[in-house]
Amino acid sequence: MTMKRLPASLAAFSLIAAITGSAFAQQFDDKFRQLDELLPTPTDTRTASGAPGHAYWQQRADYKIRAQLDEANRAVSGSETVTYHNNSPDTLNYLWVQLDQNMFRADSDNRNISSYPSREAWRTAGAGGPGGAQPGLQYEAARFLVESRKFDGGFKIASVTGTDGKPLRYVINKTMMRIDLDQPLKPGSRLSFNMAWSFNVPETNVLGRRMGFERFDKQDKNDLFEIAQFYPRMAAYYDAHGWQNKQYLGDGEFTLEFGDYDVEITVPSDHIVAATGELQNEGEVLTSAQRERLKQARSATQPVIIASQADAEAREKGRATTTKTWRFKAKNVRDFAWATSRKFIWDAQGFRKGGTDVLAMSFYPKEGNPLWEKYSTQAIIHTIDQYNKYSFDYPYPVAISVNGPVGGMEYPMISFNGGRPTKDKKTGELTYSRSTKYGLISVIIHEVGHNYFPMIVNSDERQWTWMDEGINSFMQFLAETAWEDNYPARRGEARNIVDYMKSRNQQPIMTNSESITNRGSNAYAKPATALNVLRETVLGRELFDFAFRTYAERWKFKRPTPADFFRTMEDASGTDLDWFWRGWFYTTDAVDVSVDGISEYTIGTKDPEVEKKWKKSLKDQEPVSITDQRNRGSLPRRVDAHPELKDFYNEHDGFTVTNKDRNKYNETMEGLEDWEKALLKEGKHLYLVDFSNKGGLVTPLILEITLASGKKYVERVPAEVWRYNPKKITKLIITDEPMTSLVQDPYLETADIDTSDNAWPRKVTPSRLELFKSQRPQDDMMKDYSEKLKTKDAKKDSKEAVKDAEQSIEAGRKVQ
């Protein structure tokens, strides 16, 4: 650190201002320019404040659905009546309907655009033979390739008719159907029409995605069905996009219209069904004991078993030849899903708080215990309790978690979640790992949390994955931290995103859902981290929480866009955040701040007694030259032998205070005001700290300062410190005593990708050096050829195996 004395004059303070407000870079990149050129122009439907405008509108679709499961053939058939409400100011000549099951067709775009690493990629991946590693596939991937070409998937549309029974003209374009209307649908009017359809249910672990069935052939030869995208659904039509009729390729999920649902589901009579909405005919499908337990569960403080494991095991042994129809109703939801199996155990517990009155329920096979009965319903209630704090009260009557083949997927009021214990092959004991336990709790929090985003705050998932997955992952992080101390949350903490932020081939968060290559990091982890940085480091919890809740309240049961979110957060927090959205969401820049150097200044007192003593102390601190070190005590001095040669200057050096110095000081002090005299006596220490922004993403500075006395404190500098020069700045720091160290981002809260240059003085980075021996495997074909052949019955010895091999080779030669 360079130490300097600063003259106490206005000119000197002007110099500091000039240093700290560095000149513009030669090629100035304004990281704080507004987003006006990127965000859409506000309208009377979406205002500049981020709120819905006075002319906001959205469409509505109500459904009556009758569906039947053919368990033996693993197929679903059904019919529906759709009532479509045109609340837009536009006249519609045709309607678009989503046929998402068509993704499972052998000729779908999802199947046809599948690609795999090139041979060159395999070659450069590592050694494995001549020319490098050989291409290969996992068994599961190879099985998918084979089975997807054979599976008869997709909707079979039996009919599309008006309410008068007359056929409607329609055209199917892959996963979309256009219905051409005989009469245009005018603003404010509605239209009802009927459809009949069927489809084969894909096996989730082989072909399925977000729905399907699971075999239990090794256990009890039963199936478990998780059914979604099972009916043709109205595509969304809205002001900012028009018809959302992008093809369903698999990654871009869904955006749908709200409506009321009346759904009947016919299944074997020994099945239990879980579904969106409230069960309407308990008396027809449940036993009196089950109905009584459900009643008890509503006011219980612990989950109540509605259908026990013993009940499920009894059902598993038979096969009903009759059916039951379960009827559900759901109001103001955007979708409907269900699950059914005779294997289901069922527990439930009510939760009432504020405006929420919900029955939390879990459905799972015995293979999920003891994990599921202990954690699932508790995790549902915890999620609703925590999400309510930051958004709005959960408005629906039920919330369901189902264990089946789908690892994690959300629908209104119901979610499909993976995670089970494992059975020890020797003892038969069921155990689960730490990662399985917390993975289960986390996936339930995440999928139940999706009821808020996007099932109620109805963003367009086909366009922007981050608006539901990223925001929900952030909310999940808040809920996880409220579960227990040191919860192993994977997404949210800034330090956990560092590896991705410094990786190659990143994409901005604002990338369309179908174009994202690293969904987990890009659409889940990075936006979740960004929002946590915004909450903890940029805005603070109070401002952020108010703004976030404002966004949730403004847009519940409506369809927000990214601009609505950005604008609302700025509007409600009173903070210009365009720099933050630009850096975190529109670029792949990273935070990488370097502490380049520090110069120390103290204010000159003008007192010669003080100033010359200070200068002498600096002189005394200078290193003694090697010449003077070697001359000391060994080189005779003439003045020592002839003292008569010494005079005034041998007794006084340049640091001696003279009367002239004192007189000048007294004259100066007489001309100062009292406040000016006080300033000279402050004794403050001034430090000019040079910072570089090497990563490109501007960020607040969090400076931990340690003083000579050992005292530590943190100084927080807003990101606007970079406004005049986003690459290099010099920051003035004033302390009461000497500073001994400075650390930028001491709590790792900004996702700085290289902390080795964040401290002054530099800190040693600890690491571990592992010693190992290496020996390349030898290619010994002779040894391999004579190796003992391992057979299932172990009857053949090595000689017999070799003899068999030789006979096989000889037979091959004869054929050739």
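Thresholds applied
- Residues numbered from 1 in each chain as written.
- Predicted model: local features only at pLDDT ≥ 70, side-chain atom pairs only at ≥ 80, totals over all residues.
- Heavy atoms only, no water.
- Helix = DSSP H or I, 4+ residues; strand = E, 2+ residues; numbered from the N terminus.
- Rg over C-alpha atoms; globule rule 2.2 N^0.38 Å.
- Buried < 20%, exposed > 50% of the residue type's maximum accessible area, 1.4 Å probe, protein only.
- Contact = heavy atoms within 4.5 Å.
- Areas by Shrake-Rupley, 256 points an atom, 1.4 Å probe, with all protein chains shown as cover.
- Lys, Arg positive; Asp, Glu negative; His and termini not counted.
- Charge placed at Lys NZ, Arg CZ, Asp CG, Glu CD.
- Pairing = 2+ DSSP bridges.
- Axes fitted to C-alpha atoms, helices over the stretch in contact; angles between N-to-C directions.
- Phe/Tyr/Trp six-rings, centres within 6.5 Å; stacked < 30°, edge-to-face > 60°.
- Lys NZ or Arg CZ within 6 Å of the ring centre and 35° of its normal.
- Salt bridge = Lys/Arg side-chain N within 4 Å of Asp/Glu carboxyl O.

Trainee: Help me out: how do you make sense of the overall build of the protein chain in this one?
Mentor: Helix and strand content of the protein chain: 23 helices and 33 strands. Computed over the C-alpha atoms, the radius of gyration of the protein chain is 36 Å, more than 25% above the 28 Å expected from 2.2 N^0.38 for a compact globule of 816 residues. Projected onto its principal axes, the C-alpha coordinates of the protein chain cover approximately 130 × 85 × 55 Å. Residues classed as buried in the protein chain amount to 49% of the 816 residues present. In the protein chain, the proportion of contacts linking residues at least 24 apart, taken out of those at least 6 apart, comes to 75%. As displayed, the protein chain has an accessible area near 40,900 Å², and 50% of this comes from carbon and sulfur atoms. One finds the centroid of the 112 positive side-chain charges in the protein chain at a distance of 4 Å from the centroid of its 115 negative side-chain charges.

Trainee: Honestly, the sheet that holds strand E21 (residues 356-364) in this entry has me stumped. Any pointers?
Mentor: The pairing of strands in a sheet happens through backbone hydrogen bonds and is either parallel or antiparallel. What the six strands build is an open sheet, ordered E17-E20-E21-E22-E24-E23; its pairing is mixed. The sheet is open, and its two borders are formed by strand E17 (304-307) and strand E23 (408-411), each paired with just one other strand. Neighbour-to-neighbour, the strand axes of this sheet turn through a mean angle of 20°, independent of strand direction. Where strand E22 (residues 398-403) meets strand E24 (residues 414-417), four bridges bridge the pair, whose relative direction is parallel. Bridging from a neighbouring strand, Ile 400 pairs with Ile 414 of E24. Those strands touched by helix H8 (residues 371-390) are strand E20 (345-353), E21, E22 and E24, and its axis lies near 150° from that of E21.

Trainee: I tried to follow the sheet that holds strand E7 (residues 176-185) on my own but got confused; where do I start?
Mentor: Taken in spatial order, the four strands make up an open sheet running E6-E7-E4-E11, and their pairing is antiparallel. Both outer strands of the open sheet, strand E6 (169-173) and strand E11 (233-234), are each paired with one neighbouring strand and no more. Two elements, strand E4 (residues 92-98) and E7, share six bridges in a ladder whose sense is antiparallel. From the neighbouring strand, Leu 92 faces E7, where its bridge partner is Leu 185.

Trainee: It is not clear to me how the packing of aromatic side chains should be interpreted in this structure. Could you clarify?
Mentor: The description of an aromatic ring pair rests on the distance of the ring centres and on the angle between the ring planes. Inspection of the entire model under this criterion finds 48 aromatic pairs. Each ring, one from Trp 197 and one from Phe 230, has its centre 6.2 Å from the other, and the planes form 75°; the classification is edge-to-face. With a gap of 33 residues between them, Trp 197 in strand E8 (residues 190-200) and Phe 230 in the loop between strand E10 (222-227) and E11 connect regions that are remote in the sequence. With a relative accessible area of 3%, Trp 197 lands in the buried category. Over the ring of Phe 216 we find Lys 343; its NZ or CZ atom is 4.3 Å from the centre of that ring.

Trainee: Sorry if this is basic, but what is going on with the pattern of salt bridges here?
Mentor: Think of it this way: side chains of opposite charge can pair up when their charged atoms draw near. In this structure the tally under the stated criterion is 54 salt bridges. Between Arg 215 and Glu 203 there is a salt bridge; the shortest N-O distance is 2.9 Å. You can see Arg 215 sitting in strand E9 (residues 212-216) and its partner Glu 203 sitting in the loop between E8 and E9, a full 12 residues away along the chain. For Arg 215, a relative accessible area of 35% corresponds to the partly exposed category. The shortest N-O distance in the salt bridge between Lys 728 and Asp 596 comes to 3.6 Å. In this pair, Lys 728 is assigned in strand E31 (residues 728-735) and Asp 596 in strand E27 (residues 593-603), connecting sequence segments 132 residues apart. Residue Asp 596 is classed as partly exposed on the basis of its relative accessible area of 39%. Via salt bridges that share partners, Asp 29, Lys 31, Arg 33, Glu 37, Arg 582 and Asp 589 belong to a single interconnected network.

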